[in-house]
Amino acid sequence: MAIKIGNAPCSWGVEFAQDPRNPTWQSVLKDCADAGYKGIELGPIGFMPEDPAILKAELDKTGLELIGGVIFRPFHDANKWDEVVDASKRTCEALVAHGAKHLVLIDSIAEARAPTAGRPLEAVQMSDTEWEGFKSRIEEIAKMGLDHGLIPELHPHAGGFMDFEPEVERILAEVDADLLKLCIDTGHCTYAGFDPVAFMKRHMDRITYVHFKSTDAKVKAYAIANRTGFYDACGQGIFCNLSEGEVDFPAVRDLLIEAGFEGWCTIEQDCDPNLDPDPVGDARKNREYLESIGFQ
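Residues numbered from 1 in each chain as written. Predicted model: local features only at pLDDT ≥ 70, side-chain atom pairs only at ≥ 80, totals over all residues. Heavy atoms only, no water.

Draft legend 1. Examining the overall build of the protein chain more closely. Counting its secondary structure elements, the protein chain contains 11 helices and 11 strands. A globule of 296 residues ought to have a C-alpha radius of gyration of about 19 Å, and the protein chain, at 18 Å, matches this closely. Along the three orthogonal principal directions, the C-alpha set of the protein chain runs to about 50 × 40 × 40 Å. With 296 residues in all, the protein chain has 58% of them scored as buried. Looking at the protein chain alone, contacts between residues at least 24 apart form 84% of all its contacts between residues at least 6 apart. If you average the places of the 29 positive and of the 51 negative side-chain charges in the protein chain, the two averages end up 2 Å apart. (Helix = DSSP H or I, 4+ residues; strand = E, 2+ residues; numbered from the N terminus. Rg over C-alpha atoms; globule rule 2.2 N^0.38 Å. Buried < 20%, exposed > 50% of the residue type's maximum accessible area, 1.4 Å probe, protein only. Contact = heavy atoms within 4.5 Å. Lys, Arg positive; Asp, Glu negative; His and termini not counted. Charge placed at Lys NZ, Arg CZ, Asp CG, Glu CD.)

Draft legend 2. Fine view of the side chain of S108. Looking at the element boundaries, S108 is found in the loop between β5 (102-107) and α4 (128-147). For S108, the contacting residues outside a window of four places in its chain are F72, R73, P74, H76, G159 and G160.

Draft legend 3. How the structure looks around the packing of helix α7 (residues 196-203) against helix α10 (residues 249-259). Where α7 contacts α10, the axes come no closer than 10 Å and their chain directions differ by 10 degrees. As the angle between them shows, α7 and α10 are arranged roughly parallel. Contacts between α7 and α10 involve V197, M200 and K201 from the first element and A251, V252, L255 and L256 from the second. (Axes fitted to C-alpha atoms, helices over the stretch in contact; angles between N-to-C directions. Parallel < 35°, antiparallel > 145°, perpendicular 65-115°, else oblique.)

Draft legend 4. Layout of the pattern of salt bridges. One pass over the structure, following the stated rule, counts 19 salt bridges. Residue D185 is joined to K213 by a salt bridge in which the shortest nitrogen-to-oxygen separation is 2.5 Å. Of the two residues, D185 is situated in strand β7 (residues 181-185) and K213 in the loop between β8 (207-212) and β9 (214-215); the sequence distance between them amounts to 28 residues. Side by side, D185 and K213 carry an identical accessibility label, which is buried. Each member of the salt-bridge network shares a partner with another, and the members are D128, E132, K135, R170 and E174. (Salt bridge = Lys/Arg side-chain N within 4 Å of Asp/Glu carboxyl O.)

Draft legend 5. Examining the side chain of R119 more closely. By the element assignment, R119 lies in the loop between β5 and α4. Looking at R119, the relative accessible area reads 7%, which means it is buried. Leave out the neighbours within four places in its chain, and R119 touches F164, A223, I224, R227 and T228.

Draft legend 6. Focus on the pairing of strand β1 (residues 3-7). Within β1, four of the five residues are buried, leaving the element largely enclosed by the surrounding structure. Alignment of β1 against strand β11 (residues 263-267), held across five bridges, turns out to be parallel. Across the sheet, residue N7 finds its bridge partner in β11, namely I267. (Pairing = 2+ DSSP bridges.)

Draft legend 7. Region of the structure containing α7. The complete set of buried residues in α7 reads P196, V197, F199, M200 and H203. In a view along the axis of α7, the buried residues occupy a sector of 160 degrees, so they form one face of it. Contacts from the buried residues of α7 go to α5 (165-174), β7, α6 (186-192), β8 and α10. The backbone nitrogen of V197 lies 3.0 Å from a side-chain oxygen of the residue at the head of α7, namely D195. (Arc of directions from axis to C-beta. Polar contact = N/O pair within 3.5 Å; in protein donor to acceptor, adjacent residues only side chain to side chain.)

Draft legend 8. Seen up close, the packing of aromatic side chains. Within the structure shown, the criterion is met by nine aromatic pairs. Ring centres 5.3 Å apart and planes at 55 degrees place the aromatic pair F194 and F199 in the tilted group. Residue F194 is classed as buried on the basis of its relative accessible area, which comes to 5%. Judged by its relative accessible area of 0%, F199 falls in the buried class. A ring pair is formed by F212 and F295, whose centres lie 5.5 Å apart and whose planes are at 65 degrees; its orientation type is edge-to-face. Linking F212 in strand β8 with F295 in the segment after α11 (279-292), this pair joins segments that are 83 residues apart in sequence. Residue classification places F212 among the buried positions, given a relative accessible area of 0%. Through a chain of ring-to-ring contacts, the aromatic side chains of Y191, F230, Y231 and F239 assemble into a single cluster. The ring of F239 carries the charged tip of K213 above its face, separated from the ring centre by 5.6 Å. (Phe/Tyr/Trp six-rings, centres within 6.5 Å; stacked < 30°, edge-to-face > 60°. Lys NZ or Arg CZ within 6 Å of the ring centre and 35° of its normal.)

So this is what it looks like as C-alpha coordinates:
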(Lines give C-alpha, C1' and ligand atoms only; values in the text may rest on other atoms or scores of the structure.)
Protein backbone atom coordinates (compact mmCIF):
# COMPACT_ATOMS: atom_id res chain seq x y z
CA MET A 1 0.00 0.00 0.00
CA ALA A 2 1.53 3.32 -1.08
CA ILE A 3 -0.18 5.24 1.72
CA LYS A 4 1.91 7.00 4.35
CA ILE A 5 0.56 8.01 7.77
CA GLY A 6 1.54 11.33 9.30
CA ASN A 7 0.47 13.44 12.25
CA ALA A 8 -0.07 17.13 12.97
CA PRO A 9 0.58 19.67 15.73
CA CYS A 10 -3.15 19.92 16.48
CA SER A 11 -2.85 16.43 17.96
CA TRP A 12 -0.70 18.14 20.60
CA GLY A 13 -3.35 20.82 21.17
CA VAL A 14 -1.70 23.38 18.87
CA GLU A 15 -4.51 25.28 17.15
CA PHE A 16 -3.21 28.85 17.33
CA ALA A 17 0.42 29.85 17.02
CA GLN A 18 0.51 32.21 20.00
CA ASP A 19 -1.47 30.11 22.51
CA PRO A 20 0.61 30.12 25.73
CA ARG A 21 -0.50 26.55 26.41
CA ASN A 22 1.31 25.25 23.31
CA PRO A 23 4.21 22.87 23.77
CA THR A 24 7.43 23.91 22.06
CA TRP A 25 7.71 23.20 18.36
CA GLN A 26 10.87 21.18 19.00
CA SER A 27 9.07 18.93 21.48
CA VAL A 28 6.21 18.33 19.03
CA LEU A 29 8.64 17.23 16.33
CA LYS A 30 10.51 14.98 18.76
CA ASP A 31 7.30 13.49 20.16
CA CYS A 32 5.95 12.83 16.67
CA ALA A 33 9.12 11.01 15.64
CA ASP A 34 9.28 9.10 18.93
CA ALA A 35 5.68 7.94 18.35
CA GLY A 36 6.83 6.31 15.10
CA TYR A 37 5.81 8.82 12.42
CA LYS A 38 7.82 9.94 9.42
CA GLY A 39 5.79 13.00 8.47
CA ILE A 40 4.14 16.00 10.13
CA GLU A 41 2.12 19.04 9.12
CA LEU A 42 3.34 22.60 9.63
CA GLY A 43 0.66 23.61 12.11
CA PRO A 44 -0.59 27.21 12.30
CA ILE A 45 1.86 29.56 10.63
CA GLY A 46 4.17 31.08 13.23
CA PHE A 47 4.20 28.01 15.46
CA MET A 48 7.21 26.49 13.72
CA PRO A 49 10.10 28.72 12.63
CA GLU A 50 9.62 30.51 9.33
CA ASP A 51 13.39 30.55 8.79
CA PRO A 52 13.82 27.48 6.54
CA ALA A 53 17.31 26.70 7.83
CA ILE A 54 16.18 26.47 11.44
CA LEU A 55 13.20 24.24 10.72
CA LYS A 56 15.09 22.06 8.24
CA ALA A 57 17.77 21.31 10.82
CA GLU A 58 15.17 20.00 13.26
CA LEU A 59 13.26 18.08 10.59
CA ASP A 60 16.51 16.41 9.56
CA LYS A 61 17.36 15.68 13.19
CA THR A 62 14.01 13.95 13.80
CA GLY A 63 13.79 12.31 10.37
CA LEU A 64 10.44 13.92 9.66
CA GLU A 65 9.10 15.08 6.30
CA LEU A 66 6.94 18.17 6.16
CA ILE A 67 3.64 17.10 4.58
CA GLY A 68 1.65 20.29 4.19
CA GLY A 69 0.04 23.17 5.99
CA VAL A 70 -3.39 24.45 6.90
CA ILE A 71 -4.88 27.91 6.32
CA PHE A 72 -7.33 27.94 9.24
CA ARG A 73 -8.67 31.44 8.81
CA PRO A 74 -12.05 33.25 8.57
CA PHE A 75 -12.78 32.99 4.84
CA HIS A 76 -16.39 33.81 5.81
CA ASP A 77 -15.44 37.31 7.05
CA ALA A 78 -14.59 39.82 4.31
CA ASN A 79 -13.34 42.25 6.97
CA LYS A 80 -10.53 39.84 7.88
CA TRP A 81 -9.31 39.27 4.33
CA ASP A 82 -5.90 40.82 5.00
CA GLU A 83 -5.38 38.27 7.79
CA VAL A 84 -6.27 35.42 5.44
CA VAL A 85 -3.93 36.67 2.71
CA ASP A 86 -1.01 37.18 5.09
CA ALA A 87 -1.31 33.71 6.62
CA SER A 88 -1.71 32.18 3.17
CA LYS A 89 1.38 33.83 1.71
CA ARG A 90 3.53 32.86 4.65
CA THR A 91 2.24 29.29 4.66
CA CYS A 92 2.85 28.90 0.93
CA GLU A 93 6.42 30.14 1.33
CA ALA A 94 7.07 27.77 4.23
CA LEU A 95 5.72 24.75 2.36
CA VAL A 96 7.69 25.49 -0.79
CA ALA A 97 10.89 25.89 1.25
CA HIS A 98 10.56 22.33 2.54
CA GLY A 99 9.11 20.60 -0.50
CA ALA A 100 5.67 20.04 1.02
CA LYS A 101 2.71 19.94 -1.37
CA HIS A 102 -0.60 20.13 0.51
CA LEU A 103 -2.18 23.53 1.09
CA VAL A 104 -5.35 22.89 3.08
CA LEU A 105 -8.00 25.62 3.17
CA ILE A 106 -10.34 25.67 6.19
CA ASP A 107 -12.94 28.25 7.07
CA SER A 108 -12.24 28.79 10.75
CA ILE A 109 -14.80 28.69 13.53
CA ALA A 110 -17.51 31.32 13.04
CA GLU A 111 -19.31 32.95 15.94
CA ALA A 112 -22.61 32.38 14.15
CA ARG A 113 -21.90 28.73 13.39
CA ALA A 114 -20.09 27.35 16.45
CA PRO A 115 -23.28 27.05 18.55
CA THR A 116 -24.95 24.75 15.98
CA ALA A 117 -22.08 22.39 15.16
CA GLY A 118 -23.51 18.99 14.28
CA ARG A 119 -27.02 20.40 13.69
CA PRO A 120 -27.42 21.41 10.02
CA LEU A 121 -31.12 22.24 10.23
CA GLU A 122 -30.46 24.88 12.89
CA ALA A 123 -27.36 26.45 11.35
CA VAL A 124 -27.31 30.03 10.05
CA GLN A 125 -26.94 30.12 6.25
CA MET A 126 -25.20 32.66 4.04
CA SER A 127 -27.12 34.84 1.63
CA ASP A 128 -26.33 34.34 -2.06
CA THR A 129 -24.19 37.49 -2.02
CA GLU A 130 -22.26 36.34 1.05
CA TRP A 131 -21.76 32.92 -0.54
CA GLU A 132 -20.31 34.42 -3.73
CA GLY A 133 -17.82 36.48 -1.73
CA PHE A 134 -16.91 33.48 0.42
CA LYS A 135 -16.37 31.31 -2.63
CA SER A 136 -14.29 33.93 -4.42
CA ARG A 137 -11.97 34.27 -1.42
CA ILE A 138 -11.42 30.52 -1.35
CA GLU A 139 -10.74 30.56 -5.10
CA GLU A 140 -8.21 33.38 -4.75
CA ILE A 141 -6.17 31.55 -2.12
CA ALA A 142 -6.41 28.35 -4.15
CA LYS A 143 -4.91 30.26 -7.10
CA MET A 144 -2.15 31.50 -4.83
CA GLY A 145 -1.40 27.89 -3.89
CA LEU A 146 -1.27 26.80 -7.51
CA ASP A 147 1.07 29.68 -8.32
CA HIS A 148 3.43 28.30 -5.68
CA GLY A 149 3.27 24.79 -7.13
CA LEU A 150 1.11 23.47 -4.28
CA ILE A 151 -2.11 21.45 -4.24
CA PRO A 152 -4.94 23.61 -2.85
CA GLU A 153 -7.45 21.45 -0.98
CA LEU A 154 -10.77 22.38 0.59
CA HIS A 155 -11.31 20.97 4.10
CA PRO A 156 -14.86 20.98 5.54
CA HIS A 157 -14.76 21.72 9.28
CA ALA A 158 -17.32 21.77 12.07
CA GLY A 159 -18.25 25.20 13.36
CA GLY A 160 -17.40 27.10 10.17
CA PHE A 161 -19.41 27.94 7.06
CA MET A 162 -17.97 25.01 5.08
CA ASP A 163 -19.26 22.21 7.26
CA PHE A 164 -22.42 20.37 6.23
CA GLU A 165 -22.79 18.07 3.25
CA PRO A 166 -25.03 20.30 1.06
CA GLU A 167 -22.64 23.26 1.24
CA VAL A 168 -19.63 21.03 0.53
CA GLU A 169 -21.42 19.56 -2.49
CA ARG A 170 -22.37 23.06 -3.64
CA ILE A 171 -18.85 24.47 -3.62
CA LEU A 172 -17.42 21.38 -5.29
CA ALA A 173 -20.01 21.79 -8.06
CA GLU A 174 -19.32 25.51 -8.49
CA VAL A 175 -15.50 25.62 -8.32
CA ASP A 176 -13.29 24.15 -11.04
CA ALA A 177 -11.79 20.83 -9.96
CA ASP A 178 -8.48 21.83 -11.55
CA LEU A 179 -8.32 24.77 -9.15
CA LEU A 180 -9.54 23.22 -5.92
CA LYS A 181 -9.08 19.64 -4.72
CA LEU A 182 -10.45 18.10 -1.55
CA CYS A 183 -8.94 17.15 1.80
CA ILE A 184 -11.61 15.09 3.49
CA ASP A 185 -11.55 14.81 7.28
CA THR A 186 -13.36 11.68 8.40
CA GLY A 187 -14.18 13.01 11.86
CA HIS A 188 -15.59 16.32 10.68
CA CYS A 189 -17.85 14.36 8.33
CA THR A 190 -19.34 12.32 11.16
CA TYR A 191 -19.65 15.40 13.37
CA ALA A 192 -21.58 17.13 10.57
CA GLY A 193 -23.89 14.13 10.23
CA PHE A 194 -22.79 12.50 6.99
CA ASP A 195 -21.00 9.27 6.16
CA PRO A 196 -17.36 9.88 5.18
CA VAL A 197 -17.11 6.60 3.26
CA ALA A 198 -20.17 7.30 1.10
CA PHE A 199 -19.00 10.86 0.52
CA MET A 200 -15.49 9.72 -0.41
CA LYS A 201 -16.88 7.19 -2.87
CA ARG A 202 -18.61 10.01 -4.74
CA HIS A 203 -15.57 12.27 -4.78
CA MET A 204 -12.46 10.09 -4.89
CA ASP A 205 -11.48 11.68 -8.19
CA ARG A 206 -11.07 14.98 -6.32
CA ILE A 207 -9.59 13.78 -3.02
CA THR A 208 -5.84 14.36 -2.93
CA TYR A 209 -5.32 14.33 0.84
CA VAL A 210 -7.09 12.77 3.83
CA HIS A 211 -7.23 13.70 7.50
CA PHE A 212 -7.93 10.81 9.85
CA LYS A 213 -10.09 11.76 12.80
CA SER A 214 -12.98 10.12 14.62
CA THR A 215 -15.84 11.14 16.88
CA ASP A 216 -17.10 9.52 20.05
CA ALA A 217 -20.67 8.53 19.16
CA LYS A 218 -21.97 8.94 22.72
CA VAL A 219 -20.40 12.35 23.22
CA LYS A 220 -21.68 13.48 19.84
CA ALA A 221 -25.23 12.27 20.52
CA TYR A 222 -25.21 14.04 23.89
CA ALA A 223 -23.88 17.23 22.32
CA ILE A 224 -26.54 17.25 19.61
CA ALA A 225 -29.37 16.37 22.02
CA ASN A 226 -28.31 19.15 24.39
CA ARG A 227 -27.51 21.70 21.66
CA THR A 228 -23.90 21.87 22.76
CA GLY A 229 -21.66 24.24 20.80
CA PHE A 230 -18.42 23.31 19.07
CA TYR A 231 -16.01 24.42 21.79
CA ASP A 232 -17.94 22.77 24.60
CA ALA A 233 -18.21 19.54 22.61
CA CYS A 234 -14.45 19.56 22.14
CA GLY A 235 -14.10 20.05 25.89
CA GLN A 236 -16.32 17.02 26.42
CA GLY A 237 -14.02 14.86 24.27
CA ILE A 238 -15.99 14.55 21.03
CA PHE A 239 -12.76 13.75 19.15
CA CYS A 240 -11.33 10.46 20.33
CA ASN A 241 -8.71 7.86 19.45
CA LEU A 242 -9.31 6.35 16.03
CA SER A 243 -10.00 2.86 17.37
CA GLU A 244 -12.64 4.15 19.80
CA GLY A 245 -14.76 6.25 17.45
CA GLU A 246 -17.52 5.77 14.93
CA VAL A 247 -15.55 6.14 11.69
CA ASP A 248 -15.22 2.82 9.84
CA PHE A 249 -11.50 2.92 9.11
CA PRO A 250 -11.33 -0.57 7.55
CA ALA A 251 -13.90 0.68 5.00
CA VAL A 252 -11.84 3.85 4.47
CA ARG A 253 -8.76 1.68 3.93
CA ASP A 254 -10.55 -0.52 1.39
CA LEU A 255 -11.83 2.51 -0.50
CA LEU A 256 -8.40 4.14 -0.67
CA ILE A 257 -6.79 0.92 -1.89
CA GLU A 258 -9.49 0.33 -4.50
CA ALA A 259 -9.08 3.89 -5.76
CA GLY A 260 -5.31 3.53 -5.99
CA PHE A 261 -4.77 6.44 -3.59
CA GLU A 262 -1.12 7.23 -2.96
CA GLY A 263 0.50 9.68 -0.60
CA TRP A 264 -0.14 10.98 2.89
CA CYS A 265 -3.06 10.48 5.23
CA THR A 266 -2.57 12.57 8.35
CA ILE A 267 -4.00 12.00 11.81
CA GLU A 268 -5.52 15.14 13.29
CA GLN A 269 -6.86 14.30 16.72
CA ASP A 270 -7.79 17.77 17.92
CA CYS A 271 -7.37 17.79 21.68
CA ASP A 272 -8.32 20.24 24.39
CA PRO A 273 -5.33 21.05 26.65
CA ASN A 274 -7.75 21.49 29.53
CA LEU A 275 -8.57 17.77 29.42
CA ASP A 276 -4.99 16.84 30.35
CA PRO A 277 -4.47 14.79 27.17
CA ASP A 278 -1.68 12.31 26.45
CA PRO A 279 -0.65 13.34 22.92
CA VAL A 280 2.32 10.99 22.60
CA GLY A 281 0.37 8.03 23.98
CA ASP A 282 -2.58 8.77 21.71
CA ALA A 283 -0.26 9.19 18.71
CA ARG A 284 1.26 5.77 19.37
CA LYS A 285 -2.15 4.15 19.86
CA ASN A 286 -3.48 5.65 16.66
CA ARG A 287 -0.45 4.55 14.65
CA GLU A 288 -0.61 1.04 16.09
CA TYR A 289 -4.33 0.81 15.36
CA LEU A 290 -3.90 1.87 11.75
CA GLU A 291 -1.05 -0.60 11.31
CA SER A 292 -3.21 -3.36 12.80
CA ILE A 293 -5.81 -2.85 10.06
CA GLY A 294 -3.32 -2.76 7.22
CA PHE A 295 -1.95 0.76 6.98
CA GLN A 296 1.84 1.13 7.10
